[in-house]
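Chain residues, written in single-letter form:
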Amino acid sequence: MEKLVLIGNGMAGIACLEQVLKHGRKFAITVFGEETHVNYNRIMLSSVLAGEKSADDIVMNGLDWYRNNDIDLRLGVRIIDVDPVAKTVTSDDGSITHFDKLLLATGSQPLIPSIEDVQKDGVFVFRNLDDTQALLERAGPGVKAVVIGGGLLGLEAARGLRVQGCDVTVVHLMDTLMERQLDVTGGGYLANKMNEMGVTVLLGLSTSAVIGNGKVEGVQFKGGGSIPAEMLVIAAGIVPNVELGKKAGLEVKRGIVVNDYMETSNPDIFAVGECVQHNGICYGLVAPLLEQGKVLAATITGNKGPAYQGTVLASKLKIMGVDVFSAGEIKDKVDGSEVVRFEDPSLGIYKKLTLKDGKLIGAILVGDTSDSSRYLELLRSGKDLSEMRKHLLFPPAVEDAGLQVAEMADSTTVCGCMGVSKGTILEAIREKEVCTLAQLRDVTRASTGCGSCGDLCKKLLKAAVPDFEEDGVKVLCKCVPYSQEQLREMVRSQRLRSVQDILEIYGDGMGCEVCKPALSYLIDVIWCGEHEEDRSARFINDRVHANIQKDGTFSVVPRMRGGVTSPAELRRIADVAEKYNVPMVKVTGSQRLDLLGIKKSDLPKVWADLGMPSGQAYTKGVRMVKTCVGTEFCRFGVQDSTSTGIELERSLENLYTPAKVKMGVVGCPRNCAEATVKDIGLVGQEGSWQVVVGGAAGKSVRKADLLVTVETTEEALEASFLFFQYYREQANFLERTYDFVERVGIEQVRRDTVYASEAVRRGLLERLAKSKALAYDAWQEGSYPRNPTQFVSIQALEGVTQ
């Protein structure tokens, strides 16, 4: 069996190897990877930097894949020489490996501009996992970070650093961001969005020197001027890694030159990915590299098929949370061309189409990319658009919702990040019985990059899978045949304030045990407690304010804020347990005491004797805040987690939520109170807090997503309040935070909460304060609050009108 050696363990090389394996077992395979990691999704590095993913989350081929395919994997080994005559490669450890066929997938390396004194502590690049880890170690709240480069990689680095709390400035040489994909207007829309998110953008500046004595203290610009910096990220472009191609005696220009079958000038040496040059073009996006891999796999296995004809340069991306699509010609001044535009600055939408001789030659979409696949197909087909001119930007509505996907050719790329076509998706649906977006991601990797193709993937699933139903659009109940989003709008617009009114106008007039509790919650949160409460519409636990057990008795859980109690409270609990013959007193996992087996008739007397607030262990609401001892007693503590947890619980208790909410506050990253698997968690760090949301530790485990990193306890509490109220208002009834965050997406959550305008944030806090003002503990006489700031942090609500 012939020996195939692959140099490069990245996405392009391994994707090609996957295609080689589909042709049967033809080679004994050895893979060399200079990094110490298995193949991972480089597109998701920004998500790792932002704390949204871990390194394990972005692995594409684990060690089992290499073992199962009998691949000899050598990680952390750099190839330093190629002998094309002896057919050997030499590694930096001195070992020599023979090959019959050699595949170069050496990728690219960062382009470092000519900058004086660039070799300083605090200067970074952003290309791989090790770079990402180094950035994470240096990033933190208030750290002044400068990113040189306003292309895709630089903006992704800026996003991740901003999420980590850094004060970020992007410096770009050109007069617009992403000038390879956007014109000046499109780049302006993107820059405005970045400014809204707290990232400063400086255009038309060239960095001449790094200021500082041994470490970064600032950057100097050509022509004068400077800005302070504590860390500098250089993301100014890439250059193909061609050194081994030169040593192998191959034809090399900017990249390793290949023909339409991905063959180099040596018949036994092949190349793929960012290191190659085809018809004068070096590609840096993933989709073209995957197309190349399929052609190369056929060639190297003796199954020469369709040639690689190049790729229409198209990018569909999500940059700083903004959907962007770019394809073909982006310049205005092309001989004989004309431009069709639409702009709506308030909505942040920009569309530009460039036509020549009646055909589409370029498209730019910012803010709304829903028609991107249509434009890409028009670009590729060269169709005459003379009769479609008036509908190019705004096509007429069609009765057939599946027309768009039906008109797409099977070869049309749906996921640009991973190079997944419509045909591949349909094949997965037919042969793998894929029927959900999650299954589609697992089988094809579609929508696992930037995620901007998710809507199109759903449309394909809807068209091809009869029982596919998109999350969040199911009707509430047959009694009220509308989605929860539709019902929210109906309640607001018609100013309905009772469950019965909704049932009479939009339902069957009666309702059931499914819809009535949901409608009760809906009107409660919309009107901030100023509604007509119908206790009979609540769940049984809410009607009796206790948690019913299987034998018909109830449990009583007094509230112990932050898990802190006192000798006096413990004595009262013991006295009550003896007085009412409580069968069991149990310490819960939520740092509270549960009195189980209490008769319904004894509930009022039990609560009266306890004289403690209810822990609301029975309702869809705030259950508890679990804390560690923090700086008060722990030698590892760096934040006062106990007091913070008590304040968080006091601020949000007695409020209804779509589903139960459990929170945690830890005083250091050791995470003793498991904050990272709570609905809302505060993780103390040296000089900062991380606020995380959407965690779970029940039937399924989910690590919470990082919402934001802040410096002060007041800021951490405010971020928690913003997410809490946003979840109350936007989630479906009975939808836990971890399902809600996955459905909406953490980027959207950030945009609508911590990155939202001051007016939006203020509105969320005002409505939270209003709801809190009307919330009360049903078991405590006279607990009806009069002043909302008594409960919600004064700092978070300073200036809020009551």
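Located above this text is the structure these notes cover.
All values reported here derive from a predicted model rather than from experimental measurement. (Residues numbered from 1 in each chain as written. Predicted model: local features only at pLDDT ≥ 70, side-chain atom pairs only at ≥ 80, totals over all residues. Heavy atoms only, no water.)

K.L.:
Sorry if this is basic, but what is going on with the nonpolar core here?
P.N.:
The nonpolar side chains of soluble globular proteins are, as a tendency, buried together. Leu-161, Leu-648, Leu-707 and Phe-723 are the most contacted members of the largest nonpolar core, which totals 84 residues. Broken down by element, the residue count for this core peaks at nine residues, all from helix H21 (residues 713-730). Here Leu-648 is in contact with Val-625, Met-663, Val-665, Leu-682, Leu-717, Ser-720 and Phe-721, once residues within four sequence places are set aside. In this structure, Leu-6, Phe-27, Tyr-66 and Ala-271 belong to the second largest nonpolar core, which totals 47 residues. (Core = buried A, V, L, I, M, F, W, Y, C linked by side-chain atoms within 4.5 Å. Buried < 20%, exposed > 50% of the residue type's maximum accessible area, 1.4 Å probe, protein only. Helix = DSSP H or I, 4+ residues; strand = E, 2+ residues; numbered from the N terminus. Contact = heavy atoms within 4.5 Å.)

K.L.:
Is there a simple way to think about the pattern of salt bridges in this case?
P.N.:
Any two side chains of opposite charge can pair, on the condition that their charged atoms come close. Taken as a whole and judged by the stated rule, the model has 33 salt bridges. Asp-679 is the partner of Arg-736 in a salt bridge, and the nearest nitrogen-oxygen pair spans 2.9 Å. Of this pair, Arg-736 sits in the loop between H21 and helix H22 (737-744) while Asp-679 sits in the loop between strand E35 (661-666) and strand E36 (680-685), and the two are 57 residues apart along the sequence. (Salt bridge = Lys/Arg side-chain N within 4 Å of Asp/Glu carboxyl O.)

K.L.:
For this particular structure, what's the right way to read the packing of aromatic side chains?
P.N.:
In this description, an aromatic ring pair is defined by two values, namely the gap between the centres and the angle between the planes. Across all of its chains, the model carries nine aromatic pairs by this definition. Geometrically, the ring pair formed by Tyr-189 and Tyr-350 is stacked, given 5.6 Å between the ring centres and 20° between the ring planes. With Tyr-189 in helix H6 (residues 184-196) and Tyr-350 in strand E24 (residues 349-356), this pair connects stretches of sequence that are 161 residues apart. A relative accessible area of 0% places Tyr-350 in the buried class. Where Phe-723 meets Tyr-727, the ring centres are 6.3 Å apart and the plane angle is 5°; that geometry is what we call stacked. Separated by four residues within a single helix, Phe-723 and Tyr-727 lie in helix H21, roughly one turn from each other. When its relative accessible area of 0% is taken as the criterion, Phe-723 is described as buried. By relative accessible area, Tyr-727 is classed as buried at 1%. Feature note: the residues Phe-723, Tyr-726, Tyr-727 and Phe-740 constitute an aromatic cluster, connected by ring pairs. Of note, Arg-497 hangs over the ring of Trp-527, and the distance from its end group to the ring centre comes to 4.0 Å. (Phe/Tyr/Trp six-rings, centres within 6.5 Å; stacked < 30°, edge-to-face > 60°. Lys NZ or Arg CZ within 6 Å of the ring centre and 35° of its normal.)

K.L.:
Whenever I open this one, the sheet that holds strand E40 (residues 705-710) confuses me. Can you help?
P.N.:
Either a parallel or an antiparallel arrangement is found when strands of a sheet pair, and the pairing is made through backbone hydrogen bonds. Overall, mixed pairing links the five strands, which are arranged E34-E35-E36-E37-E40 in an open sheet. Each having just a single partner strand, strand E34 (622-627) and E40 make up the two edges of the open sheet. Shown here is a sheet whose adjacent strand axes are inclined to one another by a mean of 15°, direction ignored. Note: E35 against E36, four bridges, orientation parallel. (Pairing = 2+ DSSP bridges. Axes fitted to C-alpha atoms, helices over the stretch in contact; angles between N-to-C directions.)

K.L.:
Looking at this structure, I do not really get the environment of Asp-56. What am I missing?
P.N.:
Mapped onto the elements of the fold, Asp-56 is located in the loop between helix H2 (45-49) and helix H3 (63-68). Separated by 18 residues in sequence, Asp-56 and Val-38 have C-alpha atoms that sit 9.9 Å apart.

K.L.:
I would appreciate a short explanation of unusual backbone geometry in the present structure.
P.N.:
Most peptide bonds adopt trans geometry, and most residues besides glycine take a negative phi value. Even without being glycine, Met-178 reaches a positive phi, approximately 45°. Note on placement: Met-178 falls in the loop between strand E11 (167-172) and H6. Met-178 sits in the buried class, given a relative accessible area of 1%. Non-glycine residue Asn-279 carries a positive phi angle of around 50°. Inspection of the secondary structure puts Asn-279 in the loop between strand E20 (276-278) and helix H8 (286-300). On the basis of relative accessibility, which here comes to 59%, the residue Asn-279 falls in the exposed class.

K.L.:
In this structure, what is going on with helix H13 (residues 454-464)? I would like to understand it.
P.N.:
In an α-helix, one turn spans 3.6 residues; hence positions three or four apart end up facing the same way. Taken together, the buried positions of H13 are Gly-454, Leu-456, Cys-457, Leu-460 and Leu-461. Take H13 and look down its axis: the buried residues cluster within an arc of 165°, on one side only. Among the exposed residues of H13, those oriented more than 90 degrees off its buried face are Asp-455 and Ala-463. (Arc of directions from axis to C-beta.)

K.L.:
How should the sheet that holds strand E13 (residues 207-211) be read in this particular structure?
P.N.:
Here three strands make up an open sheet; going across it, the order is E13-E14-E15 and the pairing antiparallel. Each having just a single partner strand, E13 and strand E15 (226-228) make up the two edges of the open sheet. Neighbour to neighbour, the strand axes of the sheet diverge by 20° on average, direction disregarded. Here E13 pairs with strand E14 (residues 218-221) via four bridges, running antiparallel. Opposite Ala-209, over in E14, you have Gln-220 as the bridge partner.

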